Amino acid sequence: MTRPVEKNSASPPPAHADLRVQVMSQAQGALSLFVAFIGVANHLFEVLAKLGKASVAEFAAASAMDAAYLQRWCEAAYANGYLDESQGRYTLTDLGQAFRPDLPGNLMPFAVQSVLSAHMAERATTFMRSGERPGEKVLAERANILPWFGPMLEAMFGGLFAQQILPNIPVYQEVGARGGLAVDLGCGNGWYLRQLAAVFPQLRGVGLDGFDENIRQATALARSAGADDRLGFQVGDIYRYTVSQPADLIAMNRALHHVWDEKDKVFAIIRDSLKPNGAAVIWEPNWPQELSALRDASRRGMAFQNLSEHVQGNHFLRPEDISAEFVKVGMSPSVYLFANGNEAVVVGRKKA
């Protein structure tokens, strides 16, 4: 006797079927980036690029990785289109090549950001219960993420700076032409000062950052670029300002929101550390006035990052708020918008 098949009550209602497909696609995209991050952090894409084609045993020997783990990674990378396989030997696909951190315009930051975001989501889940906001130390809780934080920011924002921001803000030309001193507060791996030094051969720069790893990278990269005679990097921040001479330019690239809770002190230090007619250049994500603007695809990441910033004790700012603080300390502000208004650069000029 044939019995009717009972419907599974756990099956999604037909109205949700399209949403299920959509979310499954999003989840698969996240998993794919996790696979890419493993390849980035362990330099697997670069190693295989040098080998050209390799068996797992050859790949493991060249990368100094455990062969069993590497076998599973190769299978996952193959499944996600990063590797091709033929007769037991693997090669990089075009997509895999694009994740090589040593290539310009690479996709590495998306892989790093995906794992960093997963970490920050877990931290936010925990601290949402208690209200705790432990600060920037959460960025250093994962040893495999911190070394990639500076390179991630350079890959994400270096092009925007070189192509749009640097040519369109006059103060850079002024400081560069006279060989002035630029100070970068929260310098990361030093990419900002390296770009300025490459364009302006007479410019001198000092970078301060709170993480030893960032200072190590910045110093090594300046040496590799042949700019270490003009650029110096040291552990410090706005509260441990150790630059002995007045600066022509003080920069804070996506860093001001980290110290906004003591903005009165911060802006006074900036003003007092500048030469007459010197300028502070503050680059921040432009937090929108209207909540509805966050639904725009270009701002969704900003919304999640603002949640991550809350864990660190921060929040994103609006350019008019930054301008108001410049006015309070007697400096004249100018606002420049880039990337369809998503990035704001506020220049505050000290009176001569």
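Numbering of residues starts from 1 in each chain and follows the order in which that chain's sequence is written. Reporting in this predicted model follows two pLDDT cut-offs: at least 70 for local features of residues, and 80 or more for side-chain atom pairs to be given and counted; totals over whole chains, interfaces and linings ignore these cut-offs and use all residues. The side-chain values count all of the structure's non-hydrogen atoms but skip hydrogen atoms and water molecules.

Draft legend 1. Structural context of the overall build of the protein. Tallying secondary structure elements over the protein gives 13 helices and 9 strands in all. Its C-alpha atoms give the protein principal-axis dimensions of about 95 × 50 × 35 Å. Burial classes: relative accessible area under 20% of the type maximum marks a residue as buried, over 50% as exposed, and values in between as partly exposed (1.4 Å probe, protein chains only). Relative to its 352 residues, the protein shows a buried fraction of 46%. In this description, contact between two residues means that some pair of their heavy atoms is separated by no more than 4.5 Å. Pairs at least 24 residues apart make up 67% of the contacts formed inside the protein by residues separated by at least 6 positions. Accessible area of the protein: about 18,000 Å², with a carbon and sulfur share of 54%. Counted as positive: Lys and Arg. Counted as negative: Asp and Glu. His and the chain ends are not counted at all. By convention, charge coordinates are those of NZ in Lys, CZ in Arg, CG in Asp, or CD in Glu. Distance between charge centroids for the protein: 2 Å, based on 33 positive and 36 negative side chains. By the criteria applied, helices consist of DSSP H or I runs no shorter than four residues and strands consist of E runs no shorter than two, each listed in order from the N terminus. Each accessible area value is a Shrake-Rupley result obtained with a 1.4 Å probe; residue values ignore everything except the protein chains displayed when judging cover.

Draft legend 2. Structural view of the packing of helix α1 (residues 17–41) against helix α6 (residues 108–130). Here an axis means a line fitted to C-alpha atoms, over the contact stretch when the element is a helix, while the angle between two N-to-C directions is reported on a 0 to 180 degree scale. Viewed as axis vectors pointing N to C, α1 and α6 meet at an angle of 110 degrees, and their least axial separation amounts to 8 Å. When the axis of α1 is compared with that of α6, the two are roughly perpendicular. Between α1 and α6 the crossing geometry is left-handed. Contacts from Leu33, Phe34, Ala36, Phe37 and Val40 of α1 reach α6 at Met108, Phe110, Ala111, Val112, Ser114, Val115 and Ala118. Residue composition of the contact of α1 with α6, by class: 11 nonpolar, 1 polar and no charged. The scheme is simple: roughly parallel for angles under 35 degrees, roughly antiparallel for over 145, roughly perpendicular for 65 to 115, oblique for anything else. Crossing handedness is read from the near helix: turned anticlockwise from the far helix by less than a right angle, it gives a left-handed crossing, and turned clockwise, a right-handed one. Polar here means any residue outside two lists: the nonpolar Ala, Val, Leu, Ile, Met, Phe, Trp, Tyr, Cys and Pro, and the charged Asp, Glu, Lys and Arg; Gly therefore counts as polar.

Draft legend 3. Region of the structure containing the packing of aromatic side chains. Pairing of aromatic rings covers Phe, Tyr and the six-membered ring of Trp, with a centre-to-centre limit of 6.5 Å; geometry is then stacked below 30 degrees between planes, edge-to-face above 60, and tilted otherwise. Applying the stated rule across the entire model yields 16 aromatic pairs. Ring centres of phenylalanine 161 and tyrosine 172 lie 5.5 Å apart, and the angle between their planes is 90 degrees; on these two criteria the pair is classed as edge-to-face. Here the residue phenylalanine 161 occupies a position in helix α7 (residues 149–168), and tyrosine 172 occupies one in helix α8 (residues 170–177), the gap between them amounting to 11 residues. Among the aromatic side chains, those forming a connected cluster through ring pairs are Phe157, Phe161, Tyr172, Trp191, Tyr192 and Trp283.

Draft legend 4. Quick look at the sheet that holds strand β7 (residues 274–285). Two strands qualify as a pair provided that DSSP identifies no fewer than 2 bridges between them. Across the sheet, 7 strands lie side by side as β5-β4-β3-β6-β7-β9-β8; this open sheet has mixed pairing. Looking at the sheet topology across the chains shown, the edges are occupied by β5 (231–235) and β8 (332–338). Between one strand and the next, the sheet's axes are offset by a mean angle of 15 degrees, whatever the strand orientation.

Draft legend 5. Up close: the side chain of glutamate 325. Along the chain, glutamate 325 turns up in helix α13 (residues 319–328). Identification of polar contacts relies on pairs of N or O atoms within 3.5 Å, with a donor-acceptor requirement for protein atoms, meaning one able to donate a hydrogen and the other able to accept it, and with residues adjacent in sequence counted only if both atoms are side-chain atoms. A polar contact of 3.2 Å, which involves the side chain of glutamate 325, links it to the side chain of lysine 328. Once residues lying within four places of it in the same chain are set aside, the contact partners of glutamate 325 are Trp260, Lys263, Asp264 and Phe267.

Draft legend 6. Representation of the pairing of strand β4 (residues 204–209). Most of β4 is tucked away, with 5 of its 6 residues classed as buried. Here strand β3 (residues 181–185) runs beside β4; their pairing, made up of 5 bridges, is parallel. Its bridge partner being in β4, alanine 182 is matched across the sheet by glycine 205. Handedness of a crossover is defined as follows: orient the strands so they point away from the viewer, and if the path from the first strand over the helix to the second runs clockwise, the crossover is right-handed. On the question of chirality, the crossover connecting β3 to the parallel β4 by way of helix α9 (residues 191–199) is right-handed.

Draft legend 7. How the structure looks around the packing of α6 against helix α12 (residues 300–311). Interaxial distance between α6 and α12 falls to 9 Å at its minimum, and their mutual angle equals 55 degrees. Here α6 is positioned oblique relative to α12, judged by the angle of their axes. In the packing of α6 onto α12, the handedness of the crossing is left-handed. For the pair α6 and α12, the contacting residues are Ser117, Met120, Ala121, Arg123, Ala124 and Phe127 in the first and Phe304, Leu307, Ser308 and Val311 in the second. Residue classes in the contact of α6 with α12 are distributed as 7 nonpolar, 2 polar and 1 charged.

Draft legend 8. Looking closely at the pattern of salt bridges. By definition here, a salt bridge exists when the distance from a side-chain nitrogen of Lys or Arg to a carboxyl oxygen of Asp or Glu is within 4 Å. Taken as a whole, this structure holds 14 salt bridges when the rule is applied. Glutamate 141 is paired through a salt bridge with arginine 123; the nearest N and O atoms lie 3.9 Å apart. Placement of the pair is glutamate 141 in the loop between α6 and α7 and arginine 123 in helix α6, with a sequence separation of 18 residues. Assessed through its relative accessible area of 16%, arginine 123 is described here as buried. Note that glutamate 174 is salt-bridged to arginine 349, the shortest N-O span being 3.1 Å. Here glutamate 174, found in helix α8, pairs with arginine 349, found in strand β9 (residues 343–349); they are 175 residues apart in sequence, far enough to count as distant.

Draft legend 9. Up close: the environment of phenylalanine 149. Residue placement: phenylalanine 149 occurs in helix α7. Residues phenylalanine 149 and glutamine 26 lie 123 residues apart in sequence; the distance between their C-alpha atoms is 24 Å. Phenylalanine 149 has contacts with Leu116 and Leu139, leaving out every residue within four places of it along the chain.

Draft legend 10. Structural context of α8. Among the residues of α8, those classed as buried are Val171, Tyr172, Val175 and Gly176. When α8 is viewed along its axis, its buried side chains cluster within an angular range of 130 degrees and face the same direction. Those residues of α8 that are buried lie in contact with α7, β3, α9, β6 (247–253), β7 and β9. Just downstream of α8, glycine 179 is the residue with a positive phi angle, here 65 degrees. Arc, as used here, means the arc of the directions from the helix axis to the C-beta atoms.

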